[in-house]
Amino acid sequence: MTLTAASEQAQTEVVDLCAELIRFDTSNPTSDERAAADWVVDRLAEVGIASELVESAPGRASVIARIAGDDTERGALLVHGHLDVVPADAAEWQVPPFSGEIRDGYLWGRGAIDMKDTVAVMLATARHFARTGTKPARDVVLAFLADEEAGGKFGAHWLVEHRPDLFSGVTEAIGEGGGFSFALDDTRRLYPIENAQRGMAWMELTANGRAGHGSSPNDENAVTDLAESLTRIGRETFPIRLIEPVRALLEEAARLYGVEFDENDIESSLARLGPVADFMQVVLRNSANPTMFTAGYQTNVIPGKATARVDGRFLPGHEQELIDTIDRLLLPSVSREWVNHDIAMETTFDGPLVDAMCDAVRAEDPDGHPVPYCNPGGTDAKAFTHLGIRCFGFKGLKLPHDLDYGRLFHGVDERVPLEGLRFGVRVMTRLWQSC
Ligand SMILES: [Zn+2]
């Protein structure tokens, strides 16, 4: 099946929609989402789609819309994207980061891949369905969210806590974190579809010691104890824990490369997988990296206290292992408390929605291979999991093989290929028709 000319308009306007979105400076912090949210309401209203704008705090706006599907008895599909972006320093960029400029086949600007591209795809697809009177296979709830980049306190988490009614009947969700292409070689691509996420264990460490003169002996120096604890954490090699989505991706890559994958000899197996091994290093194990250290006020004064921060991440099913490891590495004088502690997630890679995502990718990219994927970080999906919603990361973005996608995230000269946006509309259209 080829998508008809009716979707041509959607594939054309998706570029303009994305450019206009980029021109709203929704930097988080320093700005807000209200103007962009009003604009989303207008773009939906233009084609007769009613929506609700919800403010969690002045200016912190999200927009929710519900599109009736063919089968209203089935659970609804939530499709969510965030309106905010991380800040950008214009001096570092080749183009002004909020200009939405088109150059060399790319649309440039902050948010071009994280994630105003997908927001534009959601809008273009919804407008296409409305204009043509097409219904999705089941109800689709669209959520354009505030505050993802700062953890969703004014966005997804706030809505889940204060307005769960907006998501009533939703059983499954797709958001950012997967569904992009990853080049295997010159002709073939993986499409990692996120069905797992690592959890967050950000902690503050405090060493309590004995204050004193900097010239005197002191075997209870808080700075020394904290530094030693941090060094142990930073140098710790966490063991490989092969969770199911990671194993499945590595096995499929090995099959496509025609090399052996032996899960009892991971290191050798990884060595045969080239760029895939580098891509997957981050989700092979738990991790904990010291990131901040504060102590003292004068060279000749030993402070009684020193504090530090550690960014800890754990794989689904391995949270306790991370906590136990950290506690083993800390000296007795050092205590820890959570700064940000959030769940890991994992769902099985099966069912009609997974089939529909895989089929949509294969239909638009015959050399594309959908695979399960564990996101090393976190997204708004963590919030929706609290409503019992089964969450996936899927955007439908085909990328040129010479583009370093990972580096563009929160990076300088963020840009999205125009063809990638069009591809996204075609994939999303197929998905909504068959989900
Ligand atoms: Zn994002």
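Because the structure is predicted, anything quoted here is derived from the model rather than measured.

A. Just the packing of aromatic side chains, in detail. The tally for this structure, following the rule as stated, stands at 10 aromatic pairs. Ring geometry for tyrosine 191 against phenylalanine 423: centres 6.2 Å apart, planes inclined by 20 degrees, an arrangement best described as stacked. Of the two residues, tyrosine 191 is situated in strand E9 (residues 189-197) and phenylalanine 423 in helix H13 (residues 418-434); the sequence distance between them amounts to 232 residues. Residue tyrosine 191 is classed as buried on the basis of its relative accessible area, which comes to 0%. Residue classification places phenylalanine 423 among the buried residues on the basis of a relative accessible area of 2%.

B. The pairing of strand E17 (residues 368-375), seen in detail. By the criterion of burial, E17 is predominantly enclosed, with 8 of the 8 residues buried. Relative to E17, E9 is paired through 8 bridges, and the arrangement is parallel. Bridging across to E17, arginine 189 finds its partner in glycine 368.

C. Representation of the coordination of the zinc ion within the structure. His82 (NE2), Asp114 (OD), Glu176 (OE) and Glu176 (OE) make up the full set of protein donors to the zinc ion, lying at 1.8 to 2.7 Å. Coordination geometry of the zinc ion: the 4 donor atoms subtend angles of 53 to 156 degrees at the metal centre, consistent with an arrangement described as irregular. Here the donor residues of the zinc ion share one chain and are spaced in sequence as H-x31-D-x61-E. Placement of the pair is aspartate 114 in the loop between strand E5 (106-108) and helix H3 (116-132) and glutamate 176 in the loop between strand E7 (170-175) and strand E8 (182-183), with a sequence separation of 62 residues. Note on accessibility: aspartate 114 and glutamate 176 belong to one class, buried.

D. Expanded view of the sheet that holds E5. Read across the open sheet, the 3 strands follow the order E4-E5-E19; overall the sheet is antiparallel. Because the sheet does not close on itself, it has two edges, and the strands there are strand E4 (102-103) and strand E19 (415-417). Looking at chain direction, E5 and E19 are connected through 3 bridges and run antiparallel. Note on E19: the bridge partner recorded for tyrosine 106 is proline 417. Against the sheet, H13 touches E4, E5 and E19, its axis set at about 65 degrees to E19.

E. Just the packing of helix H2 (residues 34-45) against H3, in detail. At a closest axis distance of 9 Å, the pairing of H2 and H3 adopts a crossing angle of 20 degrees. The pairing of H2 with H3 is recorded here as roughly parallel in orientation. Once H2 is placed against H3, the crossing between them reads as right-handed. Contact residues: H2 offers Trp39, Val40, Arg43 and Leu44, while H3 offers Leu123, Ala126 and Arg127. Split by residue class, the contact of H2 with H3 holds 5 nonpolar, no polar and 2 charged.

F. Expanded view of the pattern of salt bridges. For the coordinates displayed, the defined rule picks out 33 salt bridges. A salt bridge links glutamate 13 to arginine 131, with the nearest nitrogen and oxygen atoms 3.5 Å apart. Residue glutamate 13 is found in helix H1 (residues 6-23), and its partner arginine 131 is found in helix H3; the two are separated by 118 residues along the sequence. When its relative accessible area of 31% is taken as the criterion, arginine 131 is described as partly exposed.

G. How the structure looks around the domain arrangement of the protein chain. Segmenting the protein chain into domains produces domain 1 (5-196 + 345-434) and domain 2 (198-341). Its C-alpha centre places domain 1 at a distance of 31 Å from the equivalent point of domain 2. Each partner contributes to the interface: domain 1 provides 20 residues, whereas domain 2 provides 22 residues. Interface area for domain 1 against domain 2, summed over the two sides, is near 1700 Å², with a carbon-plus-sulfur share of 70%. Summed over the shared surface of domain 1 and domain 2, the number is 0 salt bridges.

The rules behind these values
Residues numbered from 1 in each chain as written. Predicted model: local features only at pLDDT ≥ 70, side-chain atom pairs only at ≥ 80, totals over all residues. Heavy atoms only, no water. Phe/Tyr/Trp six-rings, centres within 6.5 Å; stacked < 30°, edge-to-face > 60°. Helix = DSSP H or I, 4+ residues; strand = E, 2+ residues; numbered from the N terminus. Buried < 20%, exposed > 50% of the residue type's maximum accessible area, 1.4 Å probe, protein only. Pairing = 2+ DSSP bridges. Donors = N, O, S within 2.8 Å, 3.2 Å for Na, K, Ca; no water. Tetrahedral: all angles 85-135°; square planar, octahedral: opposite > 155°, others 65-115°. Contact = heavy atoms within 4.5 Å. Axes fitted to C-alpha atoms, helices over the stretch in contact; angles between N-to-C directions. Parallel < 35°, antiparallel > 145°, perpendicular 65-115°, else oblique. Left-handed = near helix turned anticlockwise from the far one by under 90°. Nonpolar A, V, L, I, M, F, W, Y, C, P; charged D, E, K, R; others polar. Salt bridge = Lys/Arg side-chain N within 4 Å of Asp/Glu carboxyl O. Domains from an automatic or database assignment. Buried area = accessible area lost by both parts, 1.4 Å probe.

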